Amino acid sequence: MRPYRPPLVLLSHLLVVLLGVVGLSACGDPKSAVAQHDVLRAEPVDLTFHPTTGKLGLTIVNTGDKPTAVGDFRIEGGDWEAFRLATAVNPTVLRPGERMHLELEVDATSLRGPGGERRSAVVEEVAPPEIGPNDYRPASAHLQFASAGRVTSVPLRFEDPSWVSTYLLPALAKVLLLVLAFIMPVASLLTWLERKQSAMMQDRVGPNMARISIGGLTLRLWGLLHIATDGLKMLFKEDFIPRRAHRELYTLAPLLALVPALVVFAIVPFGDALCYGHLLDVLSQADVDQCAASRGGTPLQVAQIDVGLLFYFAIASIATYGTTLAGWASYNKWAVLGSLRASAQMISYEVAIGLTVVGALLVYGSLEPHAIVRAQLESHWGIVLQPVAFILFFTAAIAETKRAPFDIPEGESEIIGYFLEYSGMRFGLFFLGEFIEVVFVSALVTTLFLGGWALPLGILGASGFTSALACQAFFAGGGLVLCLTGAAIWRASKHAETLGALLLLIGSVHLTLALWSAFTGWGTALPHLAIVTIGMLTWGIKVLALCWLQLLIRWTLPRFRYDQLMSLGWKGLLPLSIANIVLTALVVYLLAPSAPVGGP
Amino acid sequence: MTIGVKKVSLHRTARDQVFLPAILEGLLTSARHFFKNTMTKGMGDVDTIRYGEPDVDIKTYYPDRFRGVHRLMYRDDGSVRCVACMCCSTVCPAKCIYIVAEDRQDNAEKGPASFVIDELKCVVCGLCVEACPCDAIRMDTKQHMTPTERREDAVLGKVELMSRGGPSVATQGGLGPEFRAVAPQADPRFGQ
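Residues numbered from 1 in each chain as written. Chains lettered and ligands numbered in written order. Predicted model: local features only at pLDDT ≥ 70, side-chain atom pairs only at ≥ 80, totals over all residues.

## With respect to the sheet that holds strand S6 (residues 92-94) of chain A
Residues and elements named next belong to chain A.
- On the basis of which strands lie adjacent, the open sheet formed by 5 strands has the order S2-S9-S8-S4-S6 and mixed pairing. Both outer strands of the open sheet, strand S2 (47-49) and S6, are each paired with one neighbouring strand and no more. Across this sheet, the average inter-strand angle for adjacent strands is 35°, counted without regard to direction. (Pairing = 2+ DSSP bridges. Helix = DSSP H or I, 4+ residues; strand = E, 2+ residues; numbered from the N terminus. Axes fitted to C-alpha atoms, helices over the stretch in contact; angles between N-to-C directions.)

The following block contains the structure:
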């Protein structure tokens, strides 16, 4: 066993931090992307119109420290005649921090047809090209306004991108990113974590034997490679179908269990919105909102549909068919028993889930998950506003995953459950579907109650941290946690020294950033890419933490008896969620600013 | 006389019926174990003996008195210490030690011409070690008899047994009559 050498570790990391501070200070004051002399800022920095968009708002905010007169609004540029101000704007004086709102609209009919040819000189007789009802040429202009002798201009653009480039390609990219880079790796990781974490909780060693040799270097990675060995084992096992089973339904059932679990992820927002063209710029919330409307960007959510949560309920109930059909098609009385239990349980708990969500919906006023997260950012996280709903929803959602302590459909100790006859990768699909559901429950709880991609207390806005102090607190706290974890892991075993050193290094970088922020006040204006990355990492960490919590619950609590399960669902969760709805509705009714006195 | 029935009343306080405090307590206990075992040196409370794992030295897990495969010790000049007294083969309950005695060329003592132990018959009782008067046979190798493809391979001869051997600090043949003079305190039976 190598002796632990704290002075060397500490010294090396202190050195890294010091070098970082010196190096960064040498770089001088960071350049803010918003120029210092530019006291009037437009939000968003540019306006993009599509043929279907109506009026678009533009906010002019005075970021300087003295009142500034604004006036002489006009639209100039190549296609100035297509754009116009929707409302009359009068010259005014903006005090520091004051905002001025204008609305612009575009006359799409004047932009019909192909672009350049119409204005060029006609040399030879050419038949004018066919102009379809939906053909538009791109147009650009800019809105100008004068303030304190300077003229500021805001670019205006009109474009008619194809459905493919606006919706299909971003959606495909997001699906691939979400499924290949998050869901599948995390679900596979959970198959390992399930065993390793339970081992650690029960003072055992857990899986650690799968290893791989690369050029004489043997990697065991705490048994992480069991993910691969399990997959290989599943693929090579005999694919057994009972002789009297219903072959078609028997094949269909695992798919019906797996596919809905993947499909429901479409509604989960894993970030605010990504603006392709402004990755390195400092953006305001208005810019991000424009990107979220698919004008020059894309919302970080596969499908932004208004009925979001209803879509989840609809798709999730299809998964019940998977379990029910699996048991029925197997021609095995124990499997049928398991599938009956599964359908009974899922029906009971879906009622509770639905009614629990209603309370949250009353508060947020929307069914669309992206809007729900935004509503939480504007007030408080759901866990603060709806603590009872959080506990009820989390309980019912864990019951929906059919895992202990709600593993009645499987009932390992009694009936082995609805997938009793399945073997090989068919069983693997049920298994994987179960873990994907665990990830989804975490993602949904994160979205509904834990503020989605947001950092706590709203310290990270769309353009950066709300104050330098928030930035320092974030980086110092994160760096401290990372460094302490890294040091603990470094000490824990000599196999983990590399990982511990890596964590220590990342933590040191965080601490360096905190120090840098303390010296320079850096952190209030961050590039869009950094904001999006922090948001997505925050979302991922929240989801992973909830997955860990679910495994902790699964390996701590004893399982329910069948009647206890039903009485908890119908006599516990259901009345409580109805009470929650009534109370929430009352409070919302009384607190709503526009509450009519005599009733709705 | 009536039959006494002991009624056990189940007192459930409000705290018990809500379940949540108890659940939280349980979760905290599990989480404490999790973090102790992952974050502290030597895997915290995990007491598992990692027997047989590839990069684990098995010998550190065996007690000092563990009886493994036999070995024969040798003298300073490298020849075997055994004097072919037949004590071990006599005391062996499994009758698995076969010794053929011969005259040693260098001095008056006997020595084994062949010394064979059938490890398949051995019951690992350790009586041979206790019987040996000159510290020639030992079982402190901390090795199991490895499985073999053929029976003959499990029958170990003098060369194999000595290949695990080492020099002994005991005086060859014991001290004899000089023992009381040299080390009176070593054996309580001899008294003051």
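There is more to say, and it comes next.
## Overview of the interface of chain A and chain B
- Each side of the interface is counted separately: chain A has 15 residues, and chain B has 16 residues.
- Within the residue set of the side of chain A that touches chain B, elements represented by two or more residues are helix H2 (163-201), helix H12 (468-492) and helix H14 (528-554) of chain A.
- Broken down by element, the side of chain A that touches chain B gets its largest block of residues, 4 residues, from H12(A).
- A breakdown of the residues in the side of chain A that touches chain B according to their chemical character gives 10 nonpolar, 2 polar and 3 charged. (Contact = placed C-beta atoms within 7 Å. Nonpolar A, V, L, I, M, F, W, Y, C, P; charged D, E, K, R; others polar.)

## Things to note about the packing of H2(A) against helix H11 (residues 424-449) of chain A
Residue and element names in this part refer to chain A.
- Orientation of H2 relative to H11, taken along the N-to-C sense of each, is 110°, at an axis distance of 9 Å. By the angle between their axes, H2 is roughly perpendicular relative to H11. H2 and H11 meet at a crossing whose hand is right-handed. For the pair formed by H2 and H11, the contact residues are Ile183, Val186, Ala187, Leu190 and Thr191 on the first element and Leu432, Phe435, Ile436, Val438 and Val439 on the second.
- Classifying every residue of the contact of H2 with H11 gives 9 nonpolar, 1 polar and no charged. (Parallel < 35°, antiparallel > 145°, perpendicular 65-115°, else oblique. Left-handed = near helix turned anticlockwise from the far one by under 90°.)

## Looking at the sheet that holds strand S2 (residues 97-103) of chain B
All names here are of chain B.
- The antiparallel open sheet is built from 3 strands, whose spatial order is S2-S3-S5. In the strand order of this sheet, the two ends are held by S2 and strand S5 (155-156), each with one partner.
- Pairing analysis gives 2 bridges linking strand S3 (residues 110-118) to S5, with the strands arranged antiparallel. Note on S5: the bridge partner recorded for Ile117 is Leu156.

## Quick word on the confidence of the model for chain A
Residues and elements named next belong to chain A.
- Averaged over all residues, the pLDDT of chain A equals 84, while 90% of them reach at least 70.
- Helix H1 (residues 6-26) is the least confidently modelled element of chain A, averaging 65 in pLDDT, while H14 averages 93, the highest of any element.
- In the predicted structure, residues 30-36 sits below a pLDDT of 50 and forms 9 contacts with residues beyond four places in sequence or in another chain. (pLDDT = per-residue confidence, 0-100.)

## A short note on the pairing of strand S9 (residues 150-158) of chain A
All names here are of chain A.
- Pairing of S2 with S9, which is carried by 3 bridges, proceeds in the parallel orientation. The residue bridging Thr48 from the neighbouring strand is Arg157, located in S9.
- Relative to S9, strand S8 (residues 139-147) runs antiparallel, the two being bridged by 9 bridges. Paired with Ala139 across the strands is Phe158, a residue of S9.

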